[in-house]
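Results of the structural survey
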Amino acid sequence: MFENLKIKQRLKKAFAIIVVISSIAGVLGALAMIVTMNRYQHALTNYGFSQGDIGKAMTVFTDVRSATRGIIGYNDPDLVDGLITTHDEKKQAFLEYWEVVGETVVSSKEKELYDQVNEQIQQYWELDQQAINTGKVDMEEKRMQAQELMQNQVAPLYNEIYDTMRELMNENVREGDSLSSTLNIMGFIFLLIIVGVIVLAIIIATRMEHAISQGIAAPLDALAKRLETFAQGNLSDPFPTLNSKDEIADMIHSANEMAEKLSFVIADTGEVMSQMANGNYNITSKNPDMYQGDFEQLFLSIRNMKTQMVQTLRSIEESSRQVSAGAANLADASQNLAEGATEQAGAVEELQATITNITSNI
């Protein structure tokens, strides 16, 4: 996965992968938090608050019935008027609470129960108002009729409505408990997913770290060992090979080129010096272009040495020719001297004979 990348690119890619995986874990965590908060808000609004609204509606509904009983049971006008005010206030409060409850019903069962209460409550209000209108007058007979109406019709309908609202609350509680269980399961699932992503990120990061470290350390170790032998003069053994195209591969390639160049320079220099030692001064380098950098000075030194040797040999040859010519002249002079000596010896002999003759004559 990283073989054809530079070390810097490997590290950047590995870091990017880890960042992406960590970001995924973070996004999943944020998503889990958002979903959980949304569902919690949904549960709180549609079940937690709704249960309270249903309970308040049931309470004020009971207060409405109590006010109605007081209206038809008392004959004190002031008290009756106060109870009528209380009745209307409680009725209005019930309607407000019940409207809020209607906004929070979710399941089909809850909607069915809510609609059932709405149908029953209309009939209840009619009977309730009928009982109030009948019993609020200051006539015992009318109050008795109103009480009979409350007992025979309003009370059973009230109980039926109250039971339906209680069933609605129970259904709301069941739905809330179910949603609570769902939220717990969702939270556990999201936790497992996040932990799984984190574990996956750790595994991937560990594998990438191992791959990158091995891809860097192993070739460097091999290159270091080869450079040790290279420093000791071993130029023939090959350098380690890599399939990657990173900086280490570039280093090994440069080391190979260096070894090849050194091998050539040493072999070429040895050949030139060997030929010169055997008297061949016409030898030249096979590839002068290989002598670059500090090797150029070596090449120039060998060339200057060859030039100086040639000049020295030429000087020796010229001196030899001059010595040979002088020796020839000396030989000629010696020959002439020998011939003159011979002639002088003959003259001396003639002179001696002459003297001998003179002596004899005397």
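Re the overall build of the protein
Within the protein one finds 6 helices and 0 strands. Each helix and strand of the protein, placed in order from N terminus to C terminus, yields the pattern α-α-α-α-α-α. Counting the 362 residues in the protein, one finds 27% classified as buried. Taking contacts inside the protein between residues at least 6 apart in sequence as the whole, the part at least 24 apart equals 72%.

Overview of the nonpolar core
Within the largest apolar cluster, 29 residues are counted, with the highest numbers of intra-cluster contacts made by Phe 61, Phe 94, Trp 98, Tyr 124, Ile 161 and Met 165. Those elements giving two or more residues to this core turn out to be helix H1 (7-73), helix H2 (77-104), helix H3 (108-135) and helix H4 (140-231). Broken down by element, this core gets its largest block of residues, 9 residues, from H4. In terms of nonpolar packing, the next biggest core, distinct from the first, is built from 7 residues, Phe 230, Ile 252, Ala 255 and Leu 262 among them.

A few points about the confidence of the model for the protein
Parts of the prediction with low pLDDT should not have their coordinates interpreted in detail. Summing up the model confidence of the protein, the mean pLDDT is 75 and the portion of residues at 70 or higher is 80%. When the criterion is pLDDT under 50, residues 43-48 qualifies, and its contacts beyond four places in sequence or with other chains add up to 16 contacts.

Quick look at the packing of aromatic side chains
For the coordinates displayed, the defined rule picks out 10 aromatic pairs. Here the aromatic rings of Trp 98 and Tyr 114 are separated by 4.8 Å at their centres, their planes lie at 15°, and the arrangement is stacked. With a gap of 16 residues between them, Trp 98 in helix H2 and Tyr 114 in helix H3 connect regions that are remote in the sequence. Every member of this aromatic cluster is reached through a ring pair, and the members are Phe 61, Phe 94, Trp 98, Tyr 114, Tyr 124, Trp 125, Tyr 158 and Tyr 162. Lying across the ring of Trp 125, Lys 91 places its NZ or CZ 4.7 Å from the centre.

Examining a nonpolar patch on the surface
The grouping of Ile 185, Phe 188, Ile 189, Leu 191, Leu 192, Ile 193, Val 195, Val 199 and Ile 203 at the surface amounts to a nonpolar patch, some 780 Å² of accessible area in total. Tracing the sequence through the fold places Val 199 in helix H4.

A few points about the side chain of His 87
In this fold, His 87 is placed in helix H2. For His 87, a relative accessible area of 1% translates into the label buried. At 2.6 Å, the side chain of His 87 and the side chain of Asp 128 are in polar contact. Excluding anything up to four places from it in sequence, His 87 contacts Val 64, Ala 67, Thr 68, Ile 71, Asp 128 and Ile 132.

Rules behind the numbers
Residues numbered from 1 in each chain as written. Predicted model: local features only at pLDDT ≥ 70, side-chain atom pairs only at ≥ 80, totals over all residues. Heavy atoms only, no water. Helix = DSSP H or I, 4+ residues; strand = E, 2+ residues; numbered from the N terminus. Buried < 20%, exposed > 50% of the residue type's maximum accessible area, 1.4 Å probe, protein only. Contact = heavy atoms within 4.5 Å. Core = buried A, V, L, I, M, F, W, Y, C linked by side-chain atoms within 4.5 Å. pLDDT = per-residue confidence, 0-100. Phe/Tyr/Trp six-rings, centres within 6.5 Å; stacked < 30°, edge-to-face > 60°. Lys NZ or Arg CZ within 6 Å of the ring centre and 35° of its normal. Patch = residues over 30% accessible without salt bridge, like charges linked within 9 Å, V, L, I, M, F, W, Y side chains within 5 Å. Areas by Shrake-Rupley, 256 points an atom, 1.4 Å probe, with all protein chains shown as cover. Salt bridge = Lys/Arg side-chain N within 4 Å of Asp/Glu carboxyl O. Polar contact = N/O pair within 3.5 Å; in protein donor to acceptor, adjacent residues only side chain to side chain.

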